[in-house]
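Residues per chain, in single letters:
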Amino acid sequence: MSTQAGRFIAFEGGEGAGKSTQARLLAEALRSRGLAVVTTREPGGTPGAEAIRQLLLDPPGDAGWTAEAEALLFAAARADHVAHLIRPALARGEWVICDRFVDSSRAYQGAAGGLGDDAVLALHGFGSGGLRPDRVFLLEGDETVLAGRLAARGAISDAIEGRPASYHRAVAEAFRALGIADPAGIVRIDGVGAPEDVHAWIMGALADLLDPEGERR
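Residues numbered from 1 in each chain as written. Predicted model: local features only at pLDDT ≥ 70, side-chain atom pairs only at ≥ 80, totals over all residues. Heavy atoms only, no water.

Caption draft 1: Seen up close, the overall build of the protein chain. The secondary structure content of the protein chain amounts to 9 helices and 5 strands. Going from N to C terminus, the protein chain has its helices and strands arranged as β-α-β-α-α-β-α-α-β-α-α-β-α-α. Looking at the protein chain residue by residue over its 217 residues, the buried ones come to 46%. For the protein chain, contacts bridging at least 24 residues in sequence account for 79% of all contacts bridging at least 6. Of the roughly 10,400 Å² of accessible surface on the protein chain, 57% is carried by carbon and sulfur atoms. (Helix = DSSP H or I, 4+ residues; strand = E, 2+ residues; numbered from the N terminus. Buried < 20%, exposed > 50% of the residue type's maximum accessible area, 1.4 Å probe, protein only. Contact = heavy atoms within 4.5 Å. Areas by Shrake-Rupley, 256 points an atom, 1.4 Å probe, with all protein chains shown as cover.)

If you want it as structure tokens, here you go:
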């Protein structure tokens, strides 16, 4: 078992921003360097969290979840995910690459859902011990381009993706505000370029974590 702590990287952004593609490319690049990598997603990543994911993305009944219930479900899924997958992998010295983490809850439920940042962070502190990634990559892009990507996918895949454009606009504004407020922890990247070019930017922004001199002692 490695004596070094692992690294935790999260990809954030609105629908169609390219998070899954960049998470996959990063995992491939890190594995090619001989690093042990775990890829995961939110909500989900563990059996319990995946069960909650189904409730969130396909709510029972016609009314859907209230903003409060939705935030609680996301926090519960994350707590299980952190306890049973993320923290153990980091303790083994592995890199964890996650498609969405708590900043998504801050943008979707906290800002666009109207609950406020303090409420979301309080739930995260209680459920997941306030865990933060070592680096967050926020993939942004022109609204028209991202909408075109979603249209190319075909049918709307879940209840959150199917919300009105005004909601997703509020999410994008919230993500932007989070990135401006924390430029050291949240790296804003233009996600609408060629995937290889976006990946190159990401690798450059990880140079300090990949440098052996920067490894935790």
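Caption draft 2: Structural context of the pattern of salt bridges. Following the criterion strictly, the structure yields 11 salt bridges and no others. Its salt-bridge partner being R41, residue E50 comes within 2.8 Å of it at the nearest N-O pair. Close ionic contact of D103 with R106 constitutes a salt bridge, the shortest N to O distance being 2.9 Å. Of this pair, D103 and R106 both sit in helix α4 (residues 102–112), separated by 3 residues, roughly a single helical turn. Summarising the burial analysis for this pair, D103 and R106 share the class buried. (Salt bridge = Lys/Arg side-chain N within 4 Å of Asp/Glu carboxyl O.)

Caption draft 3: The sheet that holds strand β3 (residues 95–99), seen in detail. One open sheet accounts for 5 strands, arranged β2-β3-β1-β4-β5; its pairing is parallel. Here the strands that pair on one side only, and so sit at the sheet edges, are β2 (37–41) and β5 (186–190). The average angle at which neighbouring strand axes cross in this sheet is 20°, direction not considered. The pairing of strand β1 (residues 8–13) with β3 spans 4 bridges and is parallel. Note on β3: the bridge partner recorded for F11 is D99. The strands touched by helix α7 (residues 165–181) within the sheet are β1, β4 (135–140) and β5, with β5 carrying the most contacts at an inclination of about 125°. (Pairing = 2+ DSSP bridges. Axes fitted to C-alpha atoms, helices over the stretch in contact; angles between N-to-C directions.)

Caption draft 4: Summary view of the nonpolar core. Of all hydrophobic cores here, the largest spans 32 residues; its most connected members are F8, I86, V96, F101 and Y108. Those elements that place two or more of their residues in this core are β1, α2 (47–57), α3 (67–91), β3, α4, β4 and α7. Those residues in contact with V96 that lie beyond four places of it in its chain are R7, F8, I9, V38, T40, I86, A89 and L90. Ranked by size, the runner-up nonpolar core spans 21 residues in total, among them L30, V198, M203 and L209. (Core = buried A, V, L, I, M, F, W, Y, C linked by side-chain atoms within 4.5 Å.)

Caption draft 5: Region of interest: the pairing of β4. Counting buried residues in β4 gives 6 out of 6 residues, a clear majority hidden from the surface. With burial as the criterion, each face of β4 is covered, one bearing R135, F137 and L139 and the other bearing V136, L138 and E140. With 5 bridges joining them, β1 and β4 adopt parallel strand pairing. Residue pairing in the sheet places E12 in a bridge with L138 of β4.

Caption draft 6: Fine view of α2. Taken together, the buried positions of α2 are A49, I52, R53, L56 and L57. Buried residues of α2 fall within an arc of 125° about the axis and therefore sit on the same side. In α2, the exposed residues that point more than 90 degrees away from the buried face are P47 and Q54. Elements in contact with the buried residues of α2: β2 and α3. (Arc of directions from axis to C-beta.)

Caption draft 7: Layout of empty space enclosed by the protein. Taken as a whole and judged by the stated rule, the model has 1 cavity of 30 Å³ or more. Around the largest cavity, the lining residues are A71, F74, A75, R78, V102, S105, Q109, V120, L123 and H124. Considering every element that reaches the lining of the largest cavity, the biggest residue donor is α3, with 4 residues. Partitioned by chemical class, the residues of the lining of the largest cavity number 6 nonpolar, 3 polar and 1 charged. (1 Å grid on protein atoms, 1.4 Å probe; cavity = no way out; pocket = protein on both sides within 12 Å on 5 of 7 lines; lining within 4 Å. Points joined across faces, edges and corners; volume = space filled by probe spheres on them. Nonpolar A, V, L, I, M, F, W, Y, C, P; charged D, E, K, R; others polar.)

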